[in-house]
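What follows is the residue order along each chain.
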Amino acid sequence: MSKYVGRLFSPRDDHVKKFFSNYPICGIRNLGNTCFISSVLQSLANTQQIRSYCYHHYNPIKGRAGDKSVYHGSLLNAFINLTNAIWSGNYRFVTSLAIKDIVSETHPQYKGKEQNDAHEFLLIFLEILEKELNTKDINDFSSSISPQLLSPIPCRGTIKTYSRETSPSKEYYSPFEVEMNEIGSDDSSSDYYFSKNLISDVFRGRIKRVTECSICHSSSETFEEFISLSVPVPQWYSNETHPISLESCIELFLHYENVEDWYCEECNQKRKAKIYSTINDIPKVLIIQLVRIYSKKYPTQQVLFPLNDLVVQTSPNHFDFYDLYSFITHTGSLSKGHYISWNRVLDQWYCCNDENVSQSKPNTSSDTVYILFYKRKVS
Ligand SMILES: [Zn+2]
């Protein structure tokens, strides 16, 4: 272990490579209470569309890859490099130092070594990326990438089709390639290459709220964009544990709500009304944050979450299905807690606990599950 200390991107030795050849993911080093950053980056880097985008926008960095200056202050550049390093198969772990430094420039709460909330960091991180993508000229950005990388044709899984400074050797089996094959098969990688804004295209959805007058039944609609749904978990006040399903939590989140004194334009006066919400524009990736109530007296509420086929209703007769590919657990308190990212790659689950990655079967009834990443099934 000690030989890796001090290195920012820790290469795998040849014998280690062989040993770890079945471990597609590499860890992200803890820089002192940075598990809230590592867990978010692991989950995002395992998002198919993000991996595809980063793969096509790969720009080999010369110099110290952990140093923020080599990325010209661009969080997107640093993230592209980190994501590609994670999937290259060449590293045992990488570092989020450059990313932490760049985010801290506008959000000084991340400067020190304090523990922070992973969901808050996730939203801030995605907001900065979205802004950078809106102002960035994609052609400018790609100008220094070799022409073959500019090809919008999805990679079909041969190592020869791309050149990197650190391209994996032929003998080295890289599951990244296999997954690129999968991505290529539905042509989504070419979509994301040209996507105007990767973050909004993948994560943004819209909730429709309908307020209906109890007397004349006229209604008014408002829309609210989201990048993550913050879903409250009802707490069972008992010492026995009764797990609640994620679907029930979502249903409760969208449920009918009665309001007094709503001004109805048709009736021209204040009326009782009911508000109900639906997910109107459904995102390709649905991020769900579970908002829990912590009580010293009672055990924390267990939530049952499906690994496959989460059903999300988008209209009275329409349902969408989602599969889980990543989630983040949180144990302990906010100031002293620990975050871990769990990731599914080629139907195998990996527990990514900072720099340590291990194969592990997730427990789907959990009082620690905090952020879930579901991808929509293509029907
Ligand atoms: Zn009315």
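Anything mentioned here points back to the structure above.
Presented here is an overview of the structure given in this document. These numbers come from a predicted model, not from an experiment. (Residues numbered from 1 in each chain as written. Predicted model: local features only at pLDDT ≥ 70, side-chain atom pairs only at ≥ 80, totals over all residues.)

A word on helix α5 (residues 97-106). Since there are 3.6 residues in each turn of an α-helix, residues three or four apart along the chain are aligned in direction. The set of residues buried in α5 consists of L97, A98, I99, K100, I102 and V103. Tucked inside the fold, the buried residues of α5 contact α2 (35-45), α4 (75-87) and α6 (118-135). (Buried ≥ 20, exposed ≤ 12 C-beta atoms within 10 Å, placed from the backbone. Helix = DSSP H or I, 4+ residues; strand = E, 2+ residues; numbered from the N terminus. Contact = placed C-beta atoms within 7 Å.)

With that settled, consider the sheet that holds strand β7 (residues 244-245). What the 3 strands build is an open sheet, ordered β7-β11-β17; its pairing is mixed. Looking at which strands have only one partner, the edges of the open sheet turn out to be β7 and β17 (365-366). Pairing analysis gives 2 bridges linking strand β11 (residues 303-304) to β17, with the strands arranged antiparallel. Bridging from a neighbouring strand, L304 pairs with S365 of β17. (Pairing = 2+ DSSP bridges.)

All right, on to the sheet that holds strand β9 (residues 269-281) then. Hydrogen bonds between backbone atoms are what pair the strands of a sheet, whose relative direction is either parallel or antiparallel. Spatially, 4 strands are ordered β5-β4-β9-β8 in an open sheet, and the strand pairing comes out antiparallel. The open sheet is flanked by β5 (219-226) and β8 (257-264), the only strands paired with a single partner. With direction set aside, neighbouring strand axes in the sheet form an average angle of 35°. Direction of pairing for strand β4 (residues 205-213) relative to β9: antiparallel, over a ladder of 8 bridges. Directly across from T211, in β9, lies its bridge partner I275. (Axes fitted to C-alpha atoms, helices over the stretch in contact; angles between N-to-C directions.)

Let's shift gears to the environment of I287. Within the element layout of this structure, I287 appears in strand β10 (residues 285-291). Placed 88 residues apart in sequence, I287 and K375 show a C-alpha to C-alpha distance of 8.8 Å. Each residue touching I287, except ones within four places of it in the same chain, is listed here: F203, I227, S228, I371 and F373.

Just geometry here; none of it tells us what the structure is for.
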